[in-house]
Amino acid sequence: GNYAGPLRPQVHFSPPVGFMNDPNGMFVDQDGLYHLYYQYNPTDTVAGNQHWGHATSHDLYNWTNQPIAIFPGGPGEGIFSGSAVIDVNNTSGFFPNQTNGVVAIYTLNTPERQTQEIAYSYDNGYSFIKYSGNPVIGSNSTQFRDPKVIWHEATERWVMVVAYPVDFEVGIFSSPNLIEWTAESNFSHYGITGLQYECPNMVELPVVGGGEAEDSPSTLWVMLISINPGAPLGGSITQYFLGTFNGTHFEALDSQTRLTDFAKDNYAGQFFYNIPSGQDQVSINWASNWQYTNVVPTGEEGFRSSMSVPRGHYIADLERFGLSMISYPYNISSVVDTELASNSSLGNGTVAVDYSAVESGALYFEANVTGLPDDSPLTGTLNFTFMSSASGESVSGGTFISSGDVWFNRGNTEGLASNPYFNNKFSQTGLYDGSGSWNISGIVDRSIIEVFLNGGQLSASSVFFPSQPFDLMILRVAGLNENASVSVGVWSLRATWL
Ligand code: FRU
């Protein structure tokens with residue numbers, strides 16, 4: 001693959017050539033190496049002919065492309081989304097001589113039906129052998145897919161969540177051995193149904209600050225369900241529910257629909273299996289939208305789609321939003337390079353950074369607002385722009401200091417400008433919690449930006465396609481309260497693909 005094209009992200013994963021969608025099979029092996037598989041069409045830059053592509057990384061930013069891991073068996077077959085686990089105790093019987101056997105659980109798609117199949121790997125997930133007794137869960141439906149399997153410690157069994165997309169149901173199955181599966185319950189018709197439920201995930205996360213009062217849990221389970229089409233902003237997005245899980249049933253705390261993102265390019269996210277204890281759980285999502293993914297201008301560079309940066313997660317009880325899943329850029333320091341600008345006491349003023357000499361074309365920035373008075377109305381705005389000094393194209397965003405309301409605009413770019421689904425503007429209200437301070441940070445990487453409020457209390461992922469590379473960043477604070485201040489830092493990011 002040629003990773004030098006002007007739209008090619010440099011700290012995000014994108015496939016060498018061809019088309020990529022959902023992340024699949026993500027696990028951490030026993031040497032600490034991260035494995036990412038993905039829905040992959042190696043022969044065209046549009047969806048179809050689904051394989052499992054594969055890449056590995058030590059830090060989740062520097063990726064090494066590996067040979068395709070799972071191939072369809074013949075014409076008309078697709079290896080659809082799924083997950084992978086390490087069968088340390090050889091519950092499956094596939095691994096009499098090793099404790100690092102990997103089992104992939106995926107959907108075999110044919111014109112007649114979708115069934116759940118497994119394949120096993122003796123070599124740490126580089127090559128797989130399809131199980132001769134497949135399918136492990138049969139069906140006569142064309143709408144039954146995306147198995148995500150975890151090990152449930154308390155019941156000492158494997159647990160699968162899998163979508164019945166057009167019934168708006170997530171099936172919960174259990175198994176002692178990854179081969180025989182028992183249907184335990186269905187989680188159905190929660191939140192935004194859209195047209196389909198896809199790519200469910202279930203993960204247990206710590207509640208930071210929880211566990212102290214008698215009625216506050218120290219962990220909660222999260223049920224994530226991707227919906228497409230039918231997202232509030234159109235096309236695809238991911239929603240989640242918080243609740244408890246006893247090994248057979250997920251019970252939601254409330255019927256509140258929470259979204260993982262307030263822009264349009266965050267779909268089908270998956271959590272890594274086997275994240276070491278003591279580390280935050282980590283997910284990666286597909287940074288695109290089915291409404292326009294097959295026509296984005298990166299096709300001219302021979303590839304389509306990139307993943308999000310890795311996201312670390314925990315649950316916090318937020319003043320304004322209640323219990324929420326936090327989603328922050330995980331381990332970003334491993335690719336942070338040179339400080340390009342810093343100002344620890346910017347009042348009303350401007351920071352401008354010419355980054356034309358940054359090889360990656362990728363930046364990380366942070367702005368911390370502090371000293372907000374609690375006895376007078378808050379005033380002012382903090383806005384940022386990334387632009388091409390050659391063409392004048394830009395993306396911009398900002399916040400109202402009074403509320404922490406945030407907006408983002410990708411409309412001043414040429415690529416997809418006439419596509420009716422390529423909404424230009426996104427916003428989210430009301431983050432400020434009265435604490436006197438808040439923070440915004442972001443990663444901009446050639447054709448994708450991810451913005452985070454207060455370390456991931458809110459996040460937005462947005463692709464954009466300028467005709468000329470961006471090379472100028474401007475951050476401007478205006479109308480700020482007298483004693484408040486803003487500290488700003490801007491860093492270049494390493495070109496991990498060059
Ligand atoms: C979600 C999805 C999955 C399916 C896969 C096929 O984006 O539609 O439901 O398994 O993509 O590539």
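As annotated in an unreviewed UniProt entry, the protein is Glycoside hydrolase family 32 protein from Bimuria novae-zelandiae CBS 107.79. UniProt, in its Sequence similarities (unreviewed entry) section for the protein, records the words "Belongs to the glycosyl hydrolase 32 family."

**Digging into empty space enclosed by the protein**
Inspection of the entire model under this criterion finds 3 cavities of 30 Å³ or more. What the largest cavity holds in volume is close to 100 Å³. Taken together, P9, A287, S288, T293, V296, T298, F303, S305, S306, S447, V463 and F465 make up the full set of residues lining the largest cavity. Grouping the constituent residues of the lining of the largest cavity by class yields 6 nonpolar, 6 polar and no charged. Each pocket or cavity is described by its volume, and for the second largest cavity that value is around 60 Å³. Taken together, 13 residues line the second largest cavity, and the ones lying closest to its centre are S81, D146, C199, N201 and Q270. For the lining of the second largest cavity, the secondary-structure elements that each account for two or more residues are strand 1 (18–28), strand 5 (78–86), strand 9 (145–152), strand 13 (197–208) and strand 18 (267–271). Its residues assigned to classes, the lining of the second largest cavity comprises 5 nonpolar, 6 polar and 2 charged.

**Topic: unusual backbone geometry**
In this chain, N134 is followed by P135 through a cis amide linkage whose omega measures 0°. Here P135 shows up in the loop between strand 8 (129–130) and strand 9. In this model, N228 is joined to P229 through a cis peptide bond whose omega is -20°. Checked against the element boundaries, P229 lands in the loop between strand 14 (219–227) and strand 15 (237–245). Backbone geometry places N49, a non-glycine residue, at a positive phi of 50°. Relative to the helices and strands, N49 resides in the loop between strand 2 (34–41) and strand 3 (51–57). Using a relative accessible area of 35% as the deciding quantity, one classes N49 as partly exposed. Of note, the phi angle at N454 is positive, near 45°, even though the residue is not glycine. Relative to the helices and strands, N454 is located in the loop between strand 31 (448–453) and strand 32 (458–463).

**What about the packing of aromatic side chains?**
Here the structure, examined in full by the defined rule, presents 39 aromatic pairs. Pairing Y292 with F422 gives two aromatic rings, centres 5.1 Å apart and planes at 75°, and the pair type is edge-to-face. Taken together, the positions of Y292 in the loop between strand 19 (281–286) and strand 20 (303–304) and F422 in the loop between strand 28 (405–409) and strand 29 (425–428) put the pair 130 residues apart, joining distant regions of the chain. Of the two residues examined, Y292 and F422, each falls in the buried class. Geometry around Y3 places R8 over its ring, the cationic atom sitting 4.0 Å from the centre. Over the face of the ring belonging to F303 we find R8, whose NZ or CZ atom lies 3.7 Å from the ring centre.

**Brief notes about the environment of H189**
By the element assignment, H189 lies in the loop between strand 12 (182–188) and strand 13. Judged by relative accessible area, which is 51%, H189 ranks as exposed. Taking the C-alpha atoms as reference, H189 lies 38 Å from N412; in sequence the two are 223 residues apart. Those residues within four positions of H189 in sequence are excluded, and the remaining contacts are D167, F168 and Y197.

**Section: the confidence of the model for the protein**
Per-residue pLDDT for the protein averages 96, and the proportion of residues at 70 or more is 100%. Scoring of the predicted complex yields 0.97 for pTM and 0.98 for ipTM.

**So, the nonpolar core**
Counting residues in hydrophobic clusters, the biggest one holds 42 residues, and the most contacted among them are L382, F384, F386, I440, M473, L475 and V486. At 4 residues, strand 25 (residues 362–370) tops the list of elements feeding residues into this core. Each residue touching L475, except ones within four places of it in the same chain, is listed here: L346, G349, T350, V351, F365, L382, N383, F384 and V488. Within the second largest apolar cluster, 39 residues are counted, among which are F13, V28, Y38 and A55.

**Looking at the pattern of salt bridges**
Counted under the stated rule, the structure contains 6 salt bridges. Residue E198 is joined to R145 by a salt bridge in which the shortest nitrogen-to-oxygen separation is 2.7 Å. Taken together, the residues E198 in strand 13 and R145 in strand 9 connect sequence positions 53 residues apart. E198 sits in the buried class, given a relative accessible area of 10%. The class of R145 is buried, set by a relative accessible area of 6%. Linking D254 and R258 is a salt bridge whose minimum nitrogen-to-oxygen distance equals 3.1 Å. Using a relative accessible area of 29% as the deciding quantity, one classes D254 as partly exposed.

**Looking at the sheet that holds strand 10 (residues 157–164)**
Across the sheet, 4 strands lie side by side as 9-10-11-12; this open sheet has antiparallel pairing. Each edge of the open sheet carries a strand with a single partner, namely strand 9 and strand 12. On average, adjacent strands in this sheet sit at an angle of 25° to one another, irrespective of strand direction. Looking at chain direction, strand 9 and strand 10 are connected through 6 bridges and run antiparallel. Residue pairing in the sheet places H152 in a bridge with R157 of strand 10.

What counts, and where the lines are drawn
- Residues numbered from 1 in each chain as written.
- Predicted model: local features only at pLDDT ≥ 70, side-chain atom pairs only at ≥ 80, totals over all residues.
- Heavy atoms only, no water.
- UniProt positions renumbered as here; feature names shortened; annotations may be inferred.
- 1 Å grid on protein atoms, 1.4 Å probe; cavity = no way out; pocket = protein on both sides within 12 Å on 5 of 7 lines; lining within 4 Å.
- Points joined across faces, edges and corners; volume = space filled by probe spheres on them.
- Nonpolar A, V, L, I, M, F, W, Y, C, P; charged D, E, K, R; others polar.
- Helix = DSSP H or I, 4+ residues; strand = E, 2+ residues; numbered from the N terminus.
- Buried < 20%, exposed > 50% of the residue type's maximum accessible area, 1.4 Å probe, protein only.
- Phe/Tyr/Trp six-rings, centres within 6.5 Å; stacked < 30°, edge-to-face > 60°.
- Lys NZ or Arg CZ within 6 Å of the ring centre and 35° of its normal.
- Contact = heavy atoms within 4.5 Å.
- pLDDT = per-residue confidence, 0-100.
- Core = buried A, V, L, I, M, F, W, Y, C linked by side-chain atoms within 4.5 Å.
- Salt bridge = Lys/Arg side-chain N within 4 Å of Asp/Glu carboxyl O.
- Pairing = 2+ DSSP bridges.
- Axes fitted to C-alpha atoms, helices over the stretch in contact; angles between N-to-C directions.

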